[in-house]
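Coordinates in review
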Amino acid sequence: DVKVTQSSRYLVKRTGEKVFLECVQDMDHENMFWYRQDPGLGLRLIYFSYDVKMKEKGDIPEGYSVSREKKERFSLILESASTNQTSMYLCASSPRDRDGYTFGSGTRLTVV
Amino acid sequence: QKEVEQDPGPLSVPEGAIVSLNCTYSNSAFQYFMWYRQYSRKGPELLMYTYSSGNKEDGRFTAQVDKSSKYISLFIRDSQPSDSATYLCAMVKPNFGNEKLTFGTGTRLTIIP
């Protein structure tokens with residue numbers, strides 16, 4: 001069964017910490033995405049990548065960075081976590097066509 | 001103004017009822033349309049995908065697109081308690097294989113046994 005795996009389901013971090021969220025897909029997809037999901041705001045795109053070592057900013061990139069050193073892995077980095085980054089983070093991947101995304105189960109991050 | 005508008009609900013209907021979920025959009029560049037279902041504490045999963053105006057049916061689910069009105073719908077017939085979830089519409093502007101989705105905010109649906 002193909003899937004997108006996010007390394008943690010729940011995380012609690014302190015303000016100012018550097019946080020790494022990992023995502024791995026086993027479908028050989030070219031495209032990978034990071035979203036955050038908040039009540040009333042829906043899914044908002046943080047960063048995406050169309051190929052290894054490539055990255056592009058989404059709608060809300062401030063306070064985040066990403067890394068894609070291998071095709072199957074896409075990491076989201078919170079450089080200095082803040083309480084307004086408390087959210088559900090969702091990783092997704094897709095092939096280079098229009099078949100839709102496959103999502104991971106999400107990481108619920110709480111910054112205290 | 002958001003590019004994609006979706007009524008957040010919540011929507012509660014009795015088991016067996018027909019459910020209608022809707023989204024409107026403002027940009028005619030959107031050409032491909034999807035519906036995702038998201039159960040609590042899970043990631044969204046693709047439910048329906050369509051790219052032309054008209055209806056597409058898959059079991060109890062029907063996706064309807066009206067590009068002239070910039071309006072899409074998802075109908076669920078004979079609704080079941082297992083259909084209780086948040087439903088997200090999503091749409092794509094073609095971009096030479098490098099598309100990204102724009103999502104609605106989601107409608108929370110509860111089917112009452």
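Now for a look at the structure at hand.

Conventions used here
Residues numbered from 1 in each chain as written. Chains lettered and ligands numbered in written order. Predicted model: local features only at pLDDT ≥ 70, side-chain atom pairs only at ≥ 80, totals over all residues. Heavy atoms only, no water. Contact = heavy atoms within 4.5 Å. Buried area = accessible area lost by both parts, 1.4 Å probe. Salt bridge = Lys/Arg side-chain N within 4 Å of Asp/Glu carboxyl O. Polar contact = N/O pair within 3.5 Å; in protein donor to acceptor, adjacent residues only side chain to side chain. Helix = DSSP H or I, 4+ residues; strand = E, 2+ residues; numbered from the N terminus. Phe/Tyr/Trp six-rings, centres within 6.5 Å; stacked < 30°, edge-to-face > 60°. Buried < 20%, exposed > 50% of the residue type's maximum accessible area, 1.4 Å probe, protein only. Core = buried A, V, L, I, M, F, W, Y, C linked by side-chain atoms within 4.5 Å. Disulfide = S-S within 2.5 Å.

At the junction of the two partners, chain A supplies 23 residues and chain B supplies 20 residues. Together, the buried faces of chain A and chain B total about 1,800 Å²; carbon and sulfur atoms form 53% of this surface. On the surface where chain A and chain B come into contact, there are zero salt bridges. If you look at where chain A meets chain B, you find five residue pairs in polar contact (both at pLDDT 80 or more). Listing elements by their share of the side of chain A that touches chain B, those giving two or more residues are strand 4 (31-38) and strand 5 (42-49) of chain A.

The full count for this structure, using the stated rule, is 14 aromatic pairs over all chains. Taking the centre distance of 5.1 Å and the plane angle of 65 degrees together, the rings of Phe48(A) and Tyr50(A) count as edge-to-face. Considered together, Phe48(A) and Tyr50(A) belong to a single accessibility category, that of buried residues. Arranged with centres 6.0 Å apart and planes meeting at 65 degrees, the rings of Phe103(A) and Phe103(B) form a pair that is edge-to-face. You can see Phe103(A) sitting in strand 10 (residues 102-103) and its partner Phe103(B) sitting in strand 10 (residues 101-103), one on each of two chains. Just as Phe103(A) is buried, Phe103(B) falls in that class too. Counting every residue linked through ring pairs, the aromatic cluster contains Phe33(A), Tyr35(A), Phe48(A), Tyr50(A), Tyr101(A), Phe103(A), Tyr36(B) and Phe103(B).

For the rest of this paragraph, the subject is the nonpolar core. Counting 24 residues, the largest nonpolar core has Trp35(B), Ile72(B), Leu74(B), Tyr87(B) and Met91(B) as the members making the most contacts within it. Looking at this core, the elements with two or more residues in it are strand 3 (19-25), strand 4 (32-38), strand 5 (45-50), strand 7 (61-66), strand 8 (71-76), strand 9 (85-92) and strand 11 (107-112) of chain B. Residues within four places of Met91(B) in sequence aside, it is in contact with Val4(B), Tyr25(B), Phe30(B), Tyr32(B), Phe33(B), Ile72(B), Lys100(B), Leu101(B) and Thr102(B). Among the nonpolar cores identified, the runner-up in size contains 21 residues, and Val19(A), Cys23(A), Ile46(A) and Val66(A) belong to it.

This part covers the state of the cysteines. Tallied over the full model, the rule gives two disulfides over all chains. Put simply, Cys23(A) and Cys91(A) are joined by a disulfide, and their sulfur atoms are 1.9 Å apart. For the disulfide bridge between Cys23(A) and Cys91(A), the dihedral angle about the S-S bond is near -75 degrees, and by the sign convention the bridge is left-handed. Here the residue Cys23(A) occupies a position in strand 3 (residues 19-25), and Cys91(A) occupies one in strand 9 (residues 87-94), the gap between them amounting to 68 residues. Among the residues examined, Cys23(A) registers a relative accessible area of 0% and is labelled buried. Classification of Cys91(A) as buried rests on a relative accessible area of 0%. Across the disulfide from Cys23(B) sits Cys89(B); the S-S distance is 2.0 Å. The sign of the -100 degrees torsion about the S-S bond sets the Cys23(B)-Cys89(B) disulfide as left-handed. Of this pair, Cys23(B) sits in strand 3 while Cys89(B) is found in strand 9, placing the two residues 66 residues apart along the sequence.

That's the geometry; what it means functionally is another story.
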